[in-house]
Structures are given as structure tokens and as C-alpha cells.
Amino acid sequence: MDDQKINHHSNKSIDLDGNSPFVRIHSHAEIGSLEERAVLELEDEKLGGADSIARKKHSFKEISLSSNMFDMKCKNNVWNSIKIVVFSTKLNILIIFGPAAIIVHKTTGFHGIVFLLCLLGIIPLAERLGYATEQLAYFTGPTVGGLLNATFGNATELIISIFALRNGMIRVVQQSLLGSILSNMLLVLGCAFFSGGLVIMKREQVFNKATAGVNSGLLLMSVMGLLFPAVLHSTHTELHFGKSELALSRFSSCVMLFAYAAYLYFQLKSQKKLYDMEEREIATSDDDEAPEISMWEAIVWLSILTAWIAVLSEYLVDAIEGASTSLKIPVAFISVILLPIVGNAAEHAGAIMFAMKDKLDISLGVAIGSSTQIAMFGIPFCVIIAWIMGRPMDLNFQLFETATLFLTVIVVAFMLQEGTSNYFKGLMLILCYLIVAASFFVHVDLDSVVDKPGENGE
């Protein structure tokens, strides 16, 4: 009876809530085993906690170490990028003339010195702009890369033109854009043919006649767009004097912009086979060389260089007329010859380099492609921008300038029709450019000084 009572009490279940669930009262042996198990589990938790703390400390050290390495890598990348872009060429010594021009402008106001310093300061910036564009072209493909090259190669001229438009210097805009076309077609292409012919004298260099023919056709179309307003003005046959010429120019500009957009579609999408030879040469060039900076570094440098060129261009445009007076150089010569030579520094260097490597299609794409872009996009674009600004810029470049462009396009078209080049053709183009430069040095343009904002007839 007593044993039964003990067992009854030891296995007794107590209803804590008055419901069916039971709480079991364990024996002394079971209680002892539970305590030992709890102690073992506590020790395991302590060991596990120590290990987890050690792991957390180790991971924290790894994170801090990796972050330090990332910071050092970023600093090294920035320094390497600066070293490659800024300190890799001796031409960049001329960059110091940019700040010097601003200081001279603020302290003395000598327009002739400011103009020359700005010219010297923009030369390395234009060259580095071309370099950054070439680096970006490695990541975009050959066709888009060539388009980028032409676009940023003409960025200097377009920036100068916009600042000149803002100052009301319409003739400076017209003549600088015209000079850019003449410089690319005669001087840049001539130097490329000449240097390539001297390096490779045993045979004639060959290029794609089809692409050259397309560009020549577009250049002749741009001559047509400039010729009719000039003839309309010279013959005094306008329906509404002073208005028909401007209306015709704006309409023709819209047509030329549409034609250039169609040309881009033709080049990039519709007839890519026509440009296969050029793309193969560019691809071969890309195989020989690797990009020196990353894509984002190239984009950042393009932004910085474009902004600095814009700053210097403003001072350059402000000093043009004063420089013309103090240096006794016609404004037409400054606009047509000096400004484009500075703006075309990148194209000049690139075209000569590729011609000496016997990659003449790339040289032709840089020189003639840049001329086509200025003629079919740059000039109409400035007419539309002037229209938005309320400036009466038209396509009447005057008969002297239009005749010069027409003869230049004809001469270059004859040089390109055979699809071959040699040093003698290059020499002829360079000599033609010297004749054009001499002509503008003795040419007096009565419309060079145009009314400025806030000035009446002065």
C-alpha cells in the first residue's frame, strides 16, 4: 500500500489550469540528469559564443581591410588617370597659358595677349579631348566611336560659336565654321596624305571610295544650301527684302539637319556593309592597342575638358576684335584660319598618326567626316540656336567665302575619286590651303563687326 502511494505521488499529475494538460513531477534521478544536461548545454553555448565572437572580429577585420584596400585602389586609380591624361604628353605644358590668359584679362585687359594665351591654352585641351574620345571609343564600338570622335573633335568650334552668337558676332560664327571645314579638308587631309605618303613611298595608299563619295555628296549639298542665300542676296531678287533670305536659310537648315540624321541612319543601320573596310581597320587598330583609362574615367575627363574649353572660349571670343586691332590682323583671317587650326588640333594629330600606320580610311573618316559634320550639322545647328536666341544668323556666308568653299569641295572631290593617295596629293592640298589663308589675310570683311547687345550701330 505504501509503495503504491509513493508511486502514485511520484507519478502524480497536477492540473494547473483545471484543464486536461498535465505537468509531470520527475523523480530525483531524472532531475539530476537534467541538471547535468543543462550544464553541458551552457558550456557548449559559451564555447559557441566565443567562436562566434572570434568570427565576427575576424570578419570585421576583413571588412575594414578590404575598405582600406578599396580606398587605396581608388586613390591609385585617380592618380594613374591624372598621370596618363595630364602628364603623358609634353604638349600639356601649354595648359598653363589658360589660367595666365584669365589673369592677364582681369589685371591688364590687353586683348592681343589674352587672345594669344587663350589660343595656346586651348590647343592641349582640344588634343586631350580627342584622346579621351578615343579612349571612350574602345567601349562603344568602331562606328559609334568614329561618330563620337567627329562630334567631340568639333566641340571646340561649336562652343566658340555659341559664345560668339551670344555676343552677337554672327560673322565670326560663320567664318569660324567655314574655316573649320576648309582646315579639315585641305590642311588636315593634306598633312595626312603627305605624311602617309612619305612613310609608305613604295606604293600608293588605298581607301574606300564609296564612303568618300557619300561624304563628298553631302559636302556638295551643304554648298548648295550656302550658295542660294548668297546669290539671292547678291542679285537683290528677294521676294521680301531682308526676310526671304533668312526664311530660306532656316528652312534649308532644317532640311540639312534631316539629311544629316538620314546619313547617320544610313551609316549606322541601313548600309553598314559600305563601312566594313573602315570598321575592320579600326578593329585591327583596337586589337593592337588597349584602353589606358576606364569608360567612366573617359566620361569624367570629357566633362572636365569641355567645361574648361568653354571657360577659355568665352575669354577668347571677347578678345577677338581687340586682338584684331592690336595685332593688325583681319578678323576674317582670325576667324577662318587661326581659330579652326586650334580647334582641329585633335583631328590633325589623329589623322596624321593613322595615315602613317597605313590606316587611311580612319584618317579620311576623321578629316572628311568632321568636315561633313560641321557642314551638315554644325552650321544648321547654329542657325537654329541663333533663331532661338533671336539672332538673325542665316546661310548667306557672302560670295567670297561661299566661292572658296565651293572650289575646295570640288578640288577635294577630284583628289578622292580614284580611291588612292600619295605624298604629292597631300602636298597639293597643303599648298591650296596656303593660298586660301593668304586670300583671307588680304580680305576685308565689312560685316565682321556686328551689333552687340546693348550697342546701337556701333
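Figured I'd write up the structure that's included with this text. Position numbers for residues start from 1 in each chain and track the written sequence from start to end. Residues qualify for local features only when their pLDDT is at least 70, as the model is predicted, and side-chain atom pairs are given and counted only at 80 or more; totals for whole chains, interfaces and linings, by contrast, use all residues. Hydrogens and water are ignored here; the side-chain numbers use all heavy atoms of the structure.

### Overview of the overall build of the chain
Okay, so step 1: By definition, any uninterrupted DSSP run of H or I lasting at least four residues is a helix, any uninterrupted run of E lasting at least two residues is a strand, and each is numbered from the N terminus. Helix and strand content of the chain: 16 helices and four strands.
Okay, so step 2: Within the chain, the proportion of its 458 residues that are buried is 43%.
Okay, so step 3: Contacts are assigned to residue pairs that have any heavy atoms within 4.5 Å of one another. Counted over contacts in the chain with a minimum sequence separation of 6, partners at least 24 positions apart contribute 83%.
Okay, so step 4: Only the protein chains shown count as cover for residues, and the accessible areas themselves come from Shrake-Rupley with a 1.4 Å probe. Here the chain displays about 23,900 Å² of accessible surface, and carbon together with sulfur accounts for 67% of that area. Burial classification: accessible surface area is computed with a 1.4 Å probe over protein chains only, and a residue below 20% of its type maximum counts as buried, one above 50% as exposed, and the rest as partly exposed.

### Side note on the nonpolar core
Okay, so step 1: Definition of nonpolar core: a set of buried residues of the types Ala, Val, Leu, Ile, Met, Phe, Trp, Tyr and Cys, connected through side-chain atoms within 4.5 Å. Counting 99 residues, the largest nonpolar core has Phe115, Leu189 and Leu416 as the members making the most contacts within it.
Okay, so step 2: Per-element accounting of this core gives the leading share, 15 residues, to helix H7 (residues 170-199).
Okay, so step 3: Not counting residues up to four positions away in its chain, the partners in contact with Phe115 are Leu316, Ala319, Ile320, Ala323, Ile334, Leu338 and Leu339.

### Re the environment of Leu94
Okay, so step 1: The topology assignment puts Leu94 in the loop between helix H2 (28-86) and helix H3 (97-107).
Okay, so step 2: Note: C-alpha distance between Leu94 and Cys118 (24 residues apart in sequence) is 9.9 Å.
Okay, so step 3: Apart from residues lying up to four places away in sequence, Leu94 is in contact with Leu120, Gly121, Ile123 and Pro124.

### Topic: unusual backbone geometry
Okay, so step 1: Although it is not a glycine, His236 adopts a positive phi angle of roughly 55 degrees.
Okay, so step 2: Residue position: His236 is located in the loop between helix H8 (209-234) and helix H9 (244-270).
Okay, so step 3: For His236, a relative accessible area of 61% puts it in the exposed group.
Okay, so step 4: The phi dihedral of Asp358 is positive, around 65 degrees, even though this residue is not glycine.
Okay, so step 5: In this fold, Asp358 is placed in the loop between helix H13 (345-356) and helix H14 (360-389).
Okay, so step 6: You can call Asp358 partly exposed: its relative accessible area is 25%.

### Let's talk about the pattern of salt bridges
Okay, so step 1: One speaks of a salt bridge when a side-chain nitrogen belonging to Lys or Arg is within 4 Å of a carboxyl oxygen belonging to Asp or Glu. A full pass over the atoms with the stated rule returns five salt bridges.
Okay, so step 2: Here Asp358 and Arg203 are joined by a salt bridge, their closest N and O atoms 2.4 Å apart. With Asp358 in the loop between H13 and H14 and Arg203 in the loop between H7 and strand S3 (205-206), this residue pair connects regions lying 155 residues apart in the sequence.
Okay, so step 3: Between Lys425 and Glu418 there is a salt bridge whose closest N-O contact spans 3.5 Å.
Okay, so step 4: Taking the relative accessible area as the measure of exposure, Lys425 reaches 10% and is therefore buried.
Okay, so step 5: With relative accessibility at 51%, the residue Glu418 sits in the exposed group.

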